[in-house]
Amino acid sequence: MKRLLIASVATLVASAAWAQYPEKPVTIVVPFSAGGPTDKVARDLAEAMRKPLGGQTIIIENVGGAGGTLGATKVARAANDGYTLLLHHIGMSTSPALYRTLQYKTLEDFEYLGMVNEVPMTLIGKPTLPANNYAELTKWMEANKGKINLANAGLGAASHLCGLLFQSTIKIDMQTVPYKGTAPAMTDLLGGQVDLMCDQTTNTTGQIEGGKVKAFAVTTSKRLTTPALKNLPTLDESGLKGFNVSVWHGMYAPKGTPKAVTDKINAALRTALKDPEFIKRQEALGAVIVTDARLDGAEHKKFVEAEINKWSPVIKAAGQYAD
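Source: prediction; values computed, not measured.

**Student:** Which parts of the structure should I look at to understand the side chain of Ser 159?
**Tutor:** Relative to the assigned elements, Ser 159 resides in helix α6 (residues 158-170). With sequence-adjacent residues up to four places away left out, Ser 159 is seen in contact with Met 121, Asn 152, Ala 153, Met 197, Cys 198 and Asp 199.

Quick look at the structure:
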């Protein structure tokens, strides 16, 4: 009885402590360098979450390297007190297949806090490409099998993943050309050194608006409403049924973080996603804020598991791994 009483008191004390969360600055780890799309999302989100978290300071810590796995590892090993969080993108679901050895288990070592946004992607080509629409592109690709160059921003990048799925779907192998980032890949596409690229709207909308690249389709299930992209067909309606790729972001905490804390973070996240300024900034990036069931941690986890099952066979079939 005495032990039970002590345990009950300890539980009440812990609950009272978590009720005051957060009592000090919260760190959001971004597993990529500063200035990139994920870093931008994290900084905008941190600003929007400050008020619902009682005005507490939120620090962004960039821990880049190894395709986002270094930052994810840091959070998986952090204290499970809610003061170290992770904001990660689609790489959360592709790393298990891309990396032969991970220092964490994606579905076991984190508490899933909710989805944030999705960034559509576009299939674009060099300005001198003879095709002007997807139907013409299909004919051109059939006529040039074995000669097509497909650029990407590096192993595990969104452009790399989209390119793999595109090749797998159309059953045409292309010469994949990896670059150290989107900027050099786009430079060579503009210069005609490579033929095609599939990349985020955050990186392609300006080039499409300026008429500097050929735009053939968007990778989402529905057409986009962005003025520069609203007339682009989806790959699904162009004949690639079920093709749907976007760069999504989600938030995570170390496994074992108390439910009282994760509930507070989830509530703050939901409030932040309704913030007018945050919405405005995300729309400027071409991002679509998540408003469906994936705002719930359990549904977020189900989505990531489905994404792992979607990408693993594509990556393994391509045989493109990171050591």
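Further notes follow.
**Student:** When you look at the pattern of salt bridges in this model, what are you seeing that I'm missing?
**Tutor:** Where side chains of opposite charge bring their charged atoms close, a pairing between them can arise. Taken as a whole, this structure holds 15 salt bridges when the rule is applied. Lys 255 is the salt-bridge partner of Glu 111, the closest N and O atoms lying 3.9 Å from each other. Linking Glu 111 in strand β4 (residues 110-125) with Lys 255 in the loop between β9 (246-254) and α9 (259-272), this pair joins segments that are 144 residues apart in sequence. By relative accessible area, which is 44% here, Lys 255 ends up partly exposed. The residue Asp 263 makes a salt bridge to Lys 259 at a minimum N-O spacing of 2.8 Å. Note that Asp 263 and Lys 259 are positioned in helix α9 at a spacing of four residues, about one turn of the helix. Under the relative-accessibility criterion, Lys 259 is labelled exposed at 58%.

**Student:** Is there a simple way to explain the packing of aromatic side chains in this structure?
**Tutor:** Here the distance between the centres and the angle between the planes together describe a pair of aromatic rings. Applying the stated rule across the entire model yields five aromatic pairs. Here the aromatic cluster, defined as three or more aromatic residues joined through ring pairs, consists of Tyr 104, Phe 110, Tyr 112 and Tyr 252. Here Lys 24 stacks its cationic end above the ring of Tyr 83, 4.7 Å away from the centre of that ring. Geometry around Phe 303 places Arg 294 over its ring, the cationic atom sitting 4.8 Å from the centre.

**Student:** Looking at this structure, I do not really get the pairing of strand β6 (residues 175-178). What am I missing?
**Tutor:** Along a regular strand, successive side chains alternate from one face of the sheet to the other. As paired strands, strand β5 (residues 149-152) and β6 are joined by four bridges and run parallel to one another. When the bridges of β6 are listed, Asn 149 appears paired with Gln 175. Handedness of the crossover is the feature at issue here: the chain leaves β5, passes through α6, returns alongside β6, and the resulting connection is right-handed.

**Student:** Would you take a moment to explain the state of the cysteines for this structure?
**Tutor:** What we call a disulfide is simply a covalent bond connecting the sulfur atoms of a pair of cysteines. Across all of its chains, the model carries one disulfide by this definition. Each disulfide pairs two cysteine sulfurs, and for Cys 162 the partner residue is Cys 198, the sulfurs being separated by 2.0 Å. Linking Cys 162 and Cys 198, the disulfide has an S-S dihedral of approximately 50 degrees and is accordingly described as right-handed. Taken as a pair, Cys 162 in helix α6 and Cys 198 in strand β7 (residues 196-200) lie far apart in primary sequence, 36 residues in all. The pair formed by Cys 162 and Cys 198 is uniform in burial state, with each residue classed as buried.

**Student:** Is there a simple way to explain the nonpolar core in this structure?
**Tutor:** Generally speaking, nonpolar side chains in soluble globular proteins are found buried as a group. The biggest cluster of nonpolar side chains holds 82 residues, and the ones touching the most others in it are Leu 45, Met 49, Tyr 134, Leu 137, Met 141 and Phe 166. In terms of residue count, the dominant contributor to this core is β4 (eight residues). Not counting the four nearest positions on each side in its chain, Phe 166 is found in contact with Leu 123, Tyr 134, Met 141, Met 174, Leu 235, Leu 240 and Phe 243. Counting 15 residues, the second-largest nonpolar core is a separate cluster that includes Ile 124, Ala 151, Ala 185 and Leu 224.

**Student:** Would you mind going over the packing of helix α2 (residues 37-50) against α9 with me for this structure?
**Tutor:** The relative placement of two packed helices is expressed as an angle between their axes plus a distance between the axes. Contact pair α2 / α9: the axes reach a minimum separation of 8 Å and the direction vectors enclose 105 degrees. Taken together, the axis directions place α2 and α9 in an arrangement best described as roughly perpendicular. Contacts between α2 and α9 involve Leu 45, Ala 48 and Met 49 from the former and Ile 265, Ala 268, Leu 269 and Ala 272 from the latter. When its residues are assigned to classes, the contact of α2 with α9 shows seven nonpolar, no polar and no charged.

Rules and cut-offs
- Residues numbered from 1 in each chain as written.
- Predicted model: local features only at pLDDT ≥ 70, side-chain atom pairs only at ≥ 80, totals over all residues.
- Heavy atoms only, no water.
- Helix = DSSP H or I, 4+ residues; strand = E, 2+ residues; numbered from the N terminus.
- Contact = heavy atoms within 4.5 Å.
- Salt bridge = Lys/Arg side-chain N within 4 Å of Asp/Glu carboxyl O.
- Buried < 20%, exposed > 50% of the residue type's maximum accessible area, 1.4 Å probe, protein only.
- Phe/Tyr/Trp six-rings, centres within 6.5 Å; stacked < 30°, edge-to-face > 60°.
- Lys NZ or Arg CZ within 6 Å of the ring centre and 35° of its normal.
- Pairing = 2+ DSSP bridges.
- Right-handed = clockwise from strand over helix to strand, strands pointing away.
- Disulfide = S-S within 2.5 Å.
- Core = buried A, V, L, I, M, F, W, Y, C linked by side-chain atoms within 4.5 Å.
- Axes fitted to C-alpha atoms, helices over the stretch in contact; angles between N-to-C directions.
- Parallel < 35°, antiparallel > 145°, perpendicular 65-115°, else oblique.
- Nonpolar A, V, L, I, M, F, W, Y, C, P; charged D, E, K, R; others polar.

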